[in-house]
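# A look at the structure
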Protein chains: 2
Amino acid sequence: MAQAKVGDFDEMDLELLRCIEADFDVSLETLSDELDLSKSAIHYRLNNLKESGVIRGVTADLDPVSFGLDMVAITEVAVTHEQGYSEDIGTSLAAVEGVEQVYYTMGDVDFVAISRVQDRTQMNEVIEDMVAIDGVNETSSRFVMDEIKSDPQIMPSVSDDVEAQLLEE
Amino acid sequence: MAQAKVGDFDEMDLELLRCIEADFDVSLETLSDELDLSKSAIHYRLNNLKESGVIRGVTADLDPVSFGLDMVAITEVAVTHEQGYSEDIGTSLAAVEGVEQVYYTMGDVDFVAISRVQDRTQMNEVIEDMVAIDGVNETSSRFVMDEIKSDPQIMPSVSDDVEAQLLEE
DNA sequence: AATGAAATCGACCAGCA
DNA sequence: TGCTGGTCGATTTCATT
């Protein structure tokens, strides 16, 4: 099946995706009732969406607090500008234990990393590991006091004008 | 069943969680083979982990690029300090269409938001919506050129010293 | 692209260590 | 509490439209 590209859905696909993004732990029957489609049809569409890469996977959403991982920090990382190494540095940052997200950004800061650990000792280790990476110049961290919204979801961002652009192709 | 708290796992639980966090689209039989446990036992443990809240849910991981959502920005939001409204402001930020993550942080910046849209027009709308929120003082955005690591996962952060603290209780 | 029937797999229960 | 084995119901697959 073809790779994922923009605009390969109909309204039914979008509704189906909206149902399952937040909770895939539902029976085909529930979806069947909700969308007025036979169970087989739901299954058929789900398969297509998986094979086309729209559904990248099915994952378990774990509670960090159950593991004592309740300390989060956002770290800005500036690198020395000998161009070309940036990708490697990003990969190294992502490999540091406790680092959950890494973004390469425009501007003077270069990288933003979000990490999650159990306590200050581990947070210090994370930052030390970052500073130890070849090419890292400076870091600046802020503690997160409240995660108002994490677990990024796509479908809430797909609405109105976004959907319009998707369906008109 | 009791609520999630730290330290309610054994090594088998941790291995099981490591298997399913990245890919829950596997059969019980595969897990059974991998962990040398009967299918019923796997099912039993999965149920416990769900009921105790360690597994918060099962979600479909969608590819943003398939929806044309390939523009990401990190926005720092400073608020006017009339104390008490901060939670509301955070909720309002999270409700803006296109905003995926919102963190309330220590320091002079107050909030960090990560948003994902299709194009610059939509990005402008997001930022306008943020500025329009009562109590928001100033915003500063950077474009993300590369998402080196997103889709935060917990289990990679649970290792060595973290696991040690979990199992010794 | 969707259906219905047949084969396969997962959910649940009673009982056991 | 943690696990087993078996039963029933759900899901996957496939021939057909």
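Note that the coordinates shown come from a computational prediction; the quantities given were computed from them, not determined experimentally. (Residues numbered from 1 in each chain as written. Chains lettered and ligands numbered in written order. Predicted model: local features only at pLDDT ≥ 70, side-chain atom pairs only at ≥ 80, totals over all residues. Heavy atoms only, no water.)

### With respect to the overall build of chain A
Of the regular secondary structure elements, chain A holds six helices and five strands. Put simply, chain A runs from its N terminus to its C terminus through helices and strands in the order α-α-α-β-β-α-β-β-α-β-α. What you see for chain A is a C-alpha radius of gyration of 21 Å, clearly larger than the 15 Å of a compact globule of 169 residues, by over 25%. C-alpha extents for chain A along the principal axes are approximately 55 × 40 × 30 Å. Counting only residues that meet the buried cut, chain A has 47% of its 169 residues in that class. Long-range contacts, defined as pairs at least 24 residues apart, comprise 67% of the intrachain contacts of chain A with a sequence gap of at least 6. Of the roughly 8400 Å² that chain A leaves accessible, carbon and sulfur atoms contribute 45%. Averaging the positions of the 10 positive and the 38 negative side-chain charges in chain A gives two centres separated by 5 Å. (Helix = DSSP H or I, 4+ residues; strand = E, 2+ residues; numbered from the N terminus. Rg over C-alpha atoms; globule rule 2.2 N^0.38 Å. Buried < 20%, exposed > 50% of the residue type's maximum accessible area, 1.4 Å probe, protein only. Contact = heavy atoms within 4.5 Å. Areas by Shrake-Rupley, 256 points an atom, 1.4 Å probe, with all protein chains shown as cover. Lys, Arg positive; Asp, Glu negative; His and termini not counted. Charge placed at Lys NZ, Arg CZ, Asp CG, Glu CD.)

### Considering the interface of chain A and chain B
The partner chain B presents 78 residues to the 78 residues of chain A that form the contact. Of the roughly 6900 Å² buried at the junction of chain A and chain B (both faces included), carbon and sulfur atoms supply 57%. For Asp61(B), the salt bridge identified is with Arg56(A), shortest N-O distance 3.1 Å. Between chain A and chain B we count 36 residue pairs in polar contact (both at pLDDT 80 or more) in total. Partitioned by chemical class, the residues of the side of chain A that touches chain B number 39 nonpolar, 18 polar and 21 charged. (Buried area = accessible area lost by both parts, 1.4 Å probe. Salt bridge = Lys/Arg side-chain N within 4 Å of Asp/Glu carboxyl O. Polar contact = N/O pair within 3.5 Å; in protein donor to acceptor, adjacent residues only side chain to side chain. Nonpolar A, V, L, I, M, F, W, Y, C, P; charged D, E, K, R; others polar.)

### What to know about the pattern of salt bridges
Inspection of the entire model under this criterion finds 20 salt bridges over all chains. With a closest N to O distance of 3.2 Å, Lys50(B) and Asp25(A) form a salt bridge. In this pair, Lys50(B) sits in helix H3 (residues 39–51) while Asp25(A) sits in the loop between helix H1 (11–22) and helix H2 (28–35), so the two residues belong to two different chains. Overall, the relative accessible area of 45% leaves Asp25(A) in the partly exposed class. Notably, a salt bridge pairs Asp151(A) with Arg56(B), separated by 3.2 Å at the nearest N-O pair. Taken together, the residues span two chains, with Asp151(A) in the loop between strand E5 (136–149) and helix H6 (161–167) and Arg56(B) in strand E1 (residues 55–62). Residue classification places Asp151(A) among the partly exposed positions, given a relative accessible area of 35%.

### Observations regarding the protein's contact with DNA strand D
For DNA strand D, the full set of nearby residues is Ser27(A), Leu28(A), Glu29(A), Lys39(A), Ser40(A), His43(A), Ser38(B), Ser40(B), Ala41(B), Tyr44(B), Arg45(B) and Asn48(B). For DNA strand D, the backbone makes up 62% of the atoms found within 4 Å of the protein, where backbone means sugar plus phosphate. In this structure, a sugar or linking oxygen belonging to DNA strand D sits 3.2 Å away from a side-chain N or O atom of His43(A). For DNA strand D, a phosphate oxygen lies 3.4 Å from a polar atom in the side chain of Tyr44(B). Residue assignment for the surface near DNA strand D shows that the elements contributing at least two residues are H2 and helix H3 (39–51) of chain A together with H3 of chain B. Considering each element in turn, the surface near DNA strand D owes the most residues, five residues, to H3(B). The residue makeup of the surface near DNA strand D, split by class, is three nonpolar, six polar and three charged. (Near = heavy atom within 4 Å.)

### Quick notes on the environment of Glu138(A)
Residue and element names in this part refer to chain A. One can find Glu 138 in strand E5. Spatially, the C-alpha atom of Glu 138 lies 5.1 Å from that of Ala 78, the residues being 60 residues apart in sequence. Leaving out residues up to four positions away in the same chain, Glu 138 has contacts with Glu 76, Val 77 and Ala 78.

### Topic: the protein's contact with DNA strand C
Surrounding DNA strand C, one finds Ser38(A), Ser40(A), Ala41(A), Tyr44(A), Arg45(A), Ser27(B), Leu28(B), Ser40(B) and His43(B). Across the atoms of DNA strand C situated within 4 Å of the protein, the share located in sugar and phosphate is 62%. Separating a phosphate oxygen of DNA strand C from a side-chain N or O atom of Arg45(A) is a distance of 2.7 Å. Contact distances for DNA strand C include 3.4 Å between a phosphate oxygen and a side-chain N or O atom of His43(B). When residues of the surface near DNA strand C are traced back to their parent elements, those giving at least two are H3 of chain A together with H3 of chain B. Counting residues per element, the surface near DNA strand C draws most heavily on H3(A), at four residues. When grouped by side-chain class, the residues that make up the surface near DNA strand C number three nonpolar, five polar and one charged.

### Considering the domain arrangement of chain A
One can read the domain layout of chain A as domain 1 (1–61) and domain 2 (64–143). Computed from C-alpha atoms alone, the centre-to-centre distance between domain 1 of chain A and domain 2 of chain A is 35 Å. (Domains from an automatic or database assignment.)

### A word on unusual backbone geometry
For Asp36(A), which is not glycine, the phi dihedral falls at a positive 55°. Mapped onto the secondary structure, Asp36(A) falls in the loop between H2 and H3.

### As for the side chain of Ser157(B)
Secondary-structure assignment places Ser157(B) in the loop between strand E5 (136–149) and helix H6 (161–167). Setting aside residues up to four positions removed in sequence, Ser157(B) forms contacts with Leu69(A), Gly98(A), Arg116(A) and Val162(B).

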